[in-house]
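Inside the fold
So you can see what is in the structure, the chains are spelled out below.
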Amino acid sequence: MATVLTTVGKQYIVDKMDTTVTTKLEYVAWGTGAGTAAVGDTILFTEAPEARTLGTLSQPSADTMRCVGTITATAARTITNAGSFTASAAGTLGVHGDFTGIVLALNDQIQFTIDIQIT
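Because the structure is predicted, anything quoted here is derived from the model rather than measured.

Considerations on the pattern of salt bridges
Counted according to the given criterion, the structure contains three salt bridges. The salt bridge partner of E47 is R52, with a shortest N-O separation of 2.9 Å. Note that D115 is salt-bridged to R66, the shortest N-O span being 2.7 Å. Within this pair, whereas D115 is found in strand 8 (residues 109-117), its partner R66 is found in strand 5 (residues 64-72), the two being separated by 49 residues in sequence. D115 gets classed as partly exposed once you look at its relative accessible area, which sits at 36%. Its relative accessible area of 26% is what places R66 among the partly exposed residues.

Put into structure tokens, the structure is as follows:
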């Protein structure tokens, strides 16, 4: 299991710092495919059909940006990975994490907390 700041996520942070982009890493999505998250990823492993959730952004400490988003299952499925994006469709995958599958029934929810910490 891994959680990574992707290469395109790092590039996004640099673009954000020099104001090349105005978007935020504020959308959360989940996926059902297998794999280990890697810095070269640009998409989730088999992104599930539920709409990306607009997360709530906060700064819990001076060096950390947090995005919290809850997604509701529209059918039974097993969720294996999640990430933060800059848009409700397409966009840049900033953080990608994989985990042991979580089996969901219709209307089950998962709340994801995705932190980017600059240390």
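After that view, the rundown keeps rolling.
Side note on helix 1 (residues 7-17)
Residues of helix 1 that are buried include every one of G9, Y12 and I13, and no others. Down the axis, helix 1 shows its buried residues gathered within 100° of arc, on one side only. Contacts made by the buried residues of helix 1 are with strand 1 (3-5), strand 7 (93-104) and strand 8. T19, located one to two residues past helix 1, shows a positive phi value of around 60°.

Thoughts on the sheet that holds strand 6 (residues 77-85)
If you walk across this open sheet you meet the five strands as 1-7-6-2-3, and the pairing is antiparallel. In the strand order of this sheet, the two ends are held by strand 1 and strand 3 (53-54), each with one partner. As judged from the five bridges shared by strand 2 (residues 27-31) and strand 6, these two strands associate in the antiparallel manner. The partner of A29 across the bridge, within strand 6, is G83. Across the sheet, helix 1 is in contact with strand 1 and strand 7; its angle to strand 1 comes to roughly 40°.

Brief notes about the pairing of strand 8
With burial as the criterion, only one face of strand 8 is covered, namely that bearing I110, F112, I114 and I116; the residues Q109, Q111, T113, D115 and Q117 on the opposite face remain uncovered. Bridge analysis of strand 5 against strand 8 gives nine bridges, and the strand direction is antiparallel. Of the residues in strand 8, the one forming a bridge with G69 is F112.

Some points on the packing of aromatic side chains
Scanning the entire structure with this criterion turns up two aromatic pairs. Relative to F112, the ring of W30 lies with its centre 6.3 Å away and its plane at 85°, an arrangement referred to as edge-to-face. In this pair, W30 is assigned in strand 2 and F112 in strand 8, connecting sequence segments 82 residues apart. Residue classification places F112 among the buried positions, given a relative accessible area of 9%. Put simply, the rings of W30, F99 and F112 pair up and form one aromatic cluster.

Quick look at the sheet that holds strand 5
Sheet architecture is open: three strands sit in the order 4-5-8, paired in antiparallel fashion. Two strands lie at the open edges of the sheet, namely strand 4 (56-61) and strand 8, each paired on one side alone. Each strand axis lies, on average, 25° off the axis of its neighbour in the sheet, ignoring direction. In terms of strand pairing, strand 4 meets strand 5 through four bridges, oriented antiparallel.

Rules used in this analysis
- Residues numbered from 1 in each chain as written.
- Predicted model: local features only at pLDDT ≥ 70, side-chain atom pairs only at ≥ 80, totals over all residues.
- Heavy atoms only, no water.
- Salt bridge = Lys/Arg side-chain N within 4 Å of Asp/Glu carboxyl O.
- Helix = DSSP H or I, 4+ residues; strand = E, 2+ residues; numbered from the N terminus.
- Buried < 20%, exposed > 50% of the residue type's maximum accessible area, 1.4 Å probe, protein only.
- Arc of directions from axis to C-beta.
- Contact = heavy atoms within 4.5 Å.
- Pairing = 2+ DSSP bridges.
- Axes fitted to C-alpha atoms, helices over the stretch in contact; angles between N-to-C directions.
- Phe/Tyr/Trp six-rings, centres within 6.5 Å; stacked < 30°, edge-to-face > 60°.

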